[in-house]
Amino acid sequence: MTVIRLPSAPDDSAVDAWYEVVRAAHTQDLPATVPPPGRAESAGKLRFPGPRTRAVHLAAVAADGSYDGVATLVLFDDEANRHAAFLDVLAVHPRARHRGTGAGLWEAVRAQLAADGRTSVSTVVEVGGGGEAFARRAGFENVLPLGWYVQNVADALAARPEPPLLPDGYGFAHWTGVVPDALADAFAEAHNAMQDAPTGDIDQAPPAWDAARVRAAEQVVEDRGGVILSVAVLHGPPGAQTVAAYTELVLRDPADTRALQYDTVVVPARRGQGLGAAVKRHMMDVVTLVCPGVREIGTTVADENGPMLAVNERLGYRRERTVAYFQATL
């Protein structure tokens, strides 16, 4: 087995080989109800790193040139997290398991972490399966239990057909893609309210958001071929509006039938008014209008995040499976 590092812009044959591994591993390891990743998503991640990060893509190459396994290591470039990294992918094709392929990829990842001076690495692992067993053998520990929750959009709308109501002085806004310039600073300020979200014992500082970082995060979704929808609750007069709450929805491929809910945030000064439920309920209307092919919305929530779990339950989300952030100290 030979482990190679992919170039920053891999060609289509490399993308195809990579995608074959992640799709086969997904099919083997996850329930049939969980939609597999699309090729467009794999190509986008391989060719467009996230904002203020560097990505290292590794592949275990078989004798015939196909890939037996793949790994992606994300290295954070912001000053507060130069000690940390995130293992976004470590997947082995079912045909190549129990032959040391995963161990070989992990050793290559460890070498990259050491070369870059990183002292901790985290990853998200399905709890109770082979991935958790592998992670624990590699020295990872569970530092933040999470659940995957899924909402059937049509069923949720049928149960709550009435449009959401907001207190006086508040209003909705929504957009597709990069935030409008007039809201960029206020939207970035609201992103910083995520700093009090549960993070367990993850050795990673929350990012500091400004308008440029928000724009870059949204642009990379589009660069990768996906779609990002944002809904915000605004407060104040035109020209001086603040963002009281927001939620984001991502389709990794425009053809996806399951969208992914990213952040849902209510800024501390505006909590206790039902804005979290209202903004998520309004997103259901928006996604039905803008992306009518979407049938489900999936999201992760920390087990200790009681308020968001309660909101999601009212909106028809049901727990699908258990995952967790695992972390290793180097």
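Notes on the structure follow. (Residues numbered from 1 in each chain as written. Predicted model: local features only at pLDDT ≥ 70, side-chain atom pairs only at ≥ 80, totals over all residues. Heavy atoms only, no water.)

### A few points about unusual backbone geometry
Inference 1: With phi around 55 degrees, Arg52 is a residue other than glycine that occupies positive phi space.
Inference 2: Turning to its location among the elements, Arg52 is positioned in the loop between helix 2 (39–47) and strand 2 (53–61).
Inference 3: Using a relative accessible area of 35% as the deciding quantity, one classes Arg52 as partly exposed.
Inference 4: The backbone of His98 shows a phi angle near 65 degrees, a positive value even though the residue is not glycine. (Helix = DSSP H or I, 4+ residues; strand = E, 2+ residues; numbered from the N terminus. Buried < 20%, exposed > 50% of the residue type's maximum accessible area, 1.4 Å probe, protein only.)

### Observations regarding the pairing of strand 9 (residues 242–251)
Inference 1: Counting buried positions over the 10 residues of strand 9 gives nine, a clear majority of the element.
Inference 2: As paired strands, strand 8 (residues 227–235) and strand 9 are joined by nine bridges and run antiparallel to one another. Its bridge partner lying in strand 9, Val227 is registered against Leu251.
Inference 3: Sheet topology places strand 9 next to strand 10 (residues 258–266); five bridges connect them, and they run antiparallel. Looking at the pairing, Thr247 lines up with Thr264 of strand 10.
Inference 4: Turn length for the strand 9-strand 10 hairpin, with the two strands adjacent in sequence and antiparallel, is six residues. (Pairing = 2+ DSSP bridges.)

### Side note on the side chain of Asn81
Inference 1: As for its placement among the helices and strands, Asn81 is situated in the loop between strand 3 (67–76) and strand 4 (84–92).
Inference 2: Residue contacts for Asn81: discarding those within four places in its chain leaves Phe76, Arg118, Gln204 and Ala205. (Contact = heavy atoms within 4.5 Å.)

### With respect to the packing of aromatic side chains
A ring pair, where both rings are aromatic, is described by two values, the distance of the centres and the angle of the planes.
Inference 1: The full count for this structure, using the stated rule, is four aromatic pairs.
Inference 2: When the ring of Trp175 is compared with that of Phe187, the centres are 5.1 Å apart and the planes differ by 80 degrees; the resulting orientation is edge-to-face. Here the residue Trp175 occupies a position in strand 7 (residues 170–176), and Phe187 occupies one in helix 6 (residues 181–191), the gap between them amounting to 12 residues. Like Phe187, Trp175 is buried.
Inference 3: Note on Phe187 and Tyr246: the rings are 4.9 Å apart at their centroids and 70 degrees apart in plane angle, and the pair reads as edge-to-face. Of this pair, Phe187 sits in helix 6 while Tyr246 sits in strand 9; the two residues are 59 residues apart in sequence, bridging distant segments of the chain.
Inference 4: When its relative accessible area of 0% is taken as the criterion, Phe187 is described as buried.
Inference 5: Here Tyr246 falls in the buried class, since its relative accessible area comes to 0%.
Inference 6: One cation-aromatic arrangement involves Arg213 over Trp209; the distance from NZ or CZ to the ring centre is 5.4 Å.
Inference 7: Its end group placed over the ring of Tyr317, Lys280 keeps NZ or CZ at 4.7 Å from the ring centre. (Phe/Tyr/Trp six-rings, centres within 6.5 Å; stacked < 30°, edge-to-face > 60°. Lys NZ or Arg CZ within 6 Å of the ring centre and 35° of its normal.)

### Things to note about the nonpolar core
Inference 1: In terms of nonpolar packing, the biggest core is built from 30 residues, with Leu229, Val233, Leu249, Leu275, Val287 and Cys291 touching the most fellow members.
Inference 2: Secondary-structure elements contributing two or more residues to this core are helix 5 (153–159), strand 8, strand 9, strand 10, helix 8 (275–290), strand 11 (296–302) and helix 9 (306–314).
Inference 3: Per-element accounting of this core gives the leading share, seven residues, to helix 8.
Inference 4: Excluding residues within four positions of it along the chain, Leu229 makes contact with Trp175, Thr176, Thr247, Glu248, Leu249, Met283, Val287, Val290 and Cys291.
Inference 5: Among the nonpolar cores identified, the runner-up in size contains 20 residues, and Leu58, Val125, Phe140 and Ala328 belong to it. (Core = buried A, V, L, I, M, F, W, Y, C linked by side-chain atoms within 4.5 Å.)

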